[in-house]
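Close look at the chain arrangement
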Amino acid sequence: AESLSAAMSVGALIEEVDIEDLLSSIDETTAPDVALVWERLLSGSQNHLRAFTSQLSSLNVEYEPTVLDAATYDEMLASSTQQRGHGRRGR
């Protein structure tokens with residue numbers, strides 16, 4: 001179970017990095033079609049982060065974010081499964 005929790009933690013970390021990169025990309029683009037693609041990818045990464053942390057929780061492991069700030073992380077975990085670009089944080 002230790003290697004499984006380690007793998008899940010790495011997966012969550014990768015999603016955190018992806019989310020941070022996508023949030024920056026969304027902020028920097030002026031092309032609506034590109035922003036839409038980034039937002040859809042962001043929704044997928046948020047879903048994956050929730051899945052990894054849920055699996056860790058089932059293993060009695062609490063994941064602590066290392067890339068995202070606590071407020072953003074908590075907001076993403078509290079939101080329901082996101083689809084099609086809905087769920088960008090208040091931007």
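A few points on the structure. (Residues numbered from 1 in each chain as written. Predicted model: local features only at pLDDT ≥ 70, side-chain atom pairs only at ≥ 80, totals over all residues. Heavy atoms only, no water.)

**Comments concerning the environment of Ser 43**
In this fold, Ser 43 is placed in helix H2 (residues 32–58). A relative accessible area of 2% means that Ser 43 is categorised as buried. The sequence separation of Ser 43 and Met 76 amounts to 33 residues, and the corresponding C-alpha distance is 9.6 Å. (Helix = DSSP H or I, 4+ residues; strand = E, 2+ residues; numbered from the N terminus. Buried < 20%, exposed > 50% of the residue type's maximum accessible area, 1.4 Å probe, protein only.)

**Focus: the packing of H2 against helix H3 (residues 70–78)**
For the pair H2 and H3, interaxial distance at closest approach is 9 Å and the crossing angle is 85°. The pairing of H2 with H3 is recorded here as roughly perpendicular in orientation. Across the interface between the two elements, Gln 46, Leu 49, Arg 50 and Thr 53 of H2 pack against Tyr 73, Met 76 and Leu 77 of H3. Looking at side-chain class alone, the contact of H2 with H3 contains four nonpolar, two polar and one charged residues. (Axes fitted to C-alpha atoms, helices over the stretch in contact; angles between N-to-C directions. Parallel < 35°, antiparallel > 145°, perpendicular 65-115°, else oblique. Contact = heavy atoms within 4.5 Å. Nonpolar A, V, L, I, M, F, W, Y, C, P; charged D, E, K, R; others polar.)

**Comments concerning the packing of aromatic side chains**
Centre distance and the angle of the planes are the two values used to describe a pair of aromatic rings. Per the counting criterion, the structure on display carries one aromatic pair. When the centroid spacing of 6.1 Å and the interplanar angle of 45° are considered together, the rings of Tyr 63 and Tyr 73 count as tilted. With a gap of ten residues between them, Tyr 63 in the loop between H2 and H3 and Tyr 73 in helix H3 connect regions that are remote in the sequence. The exposure class of Tyr 73 is buried, given its relative accessible area of 6%. (Phe/Tyr/Trp six-rings, centres within 6.5 Å; stacked < 30°, edge-to-face > 60°.)

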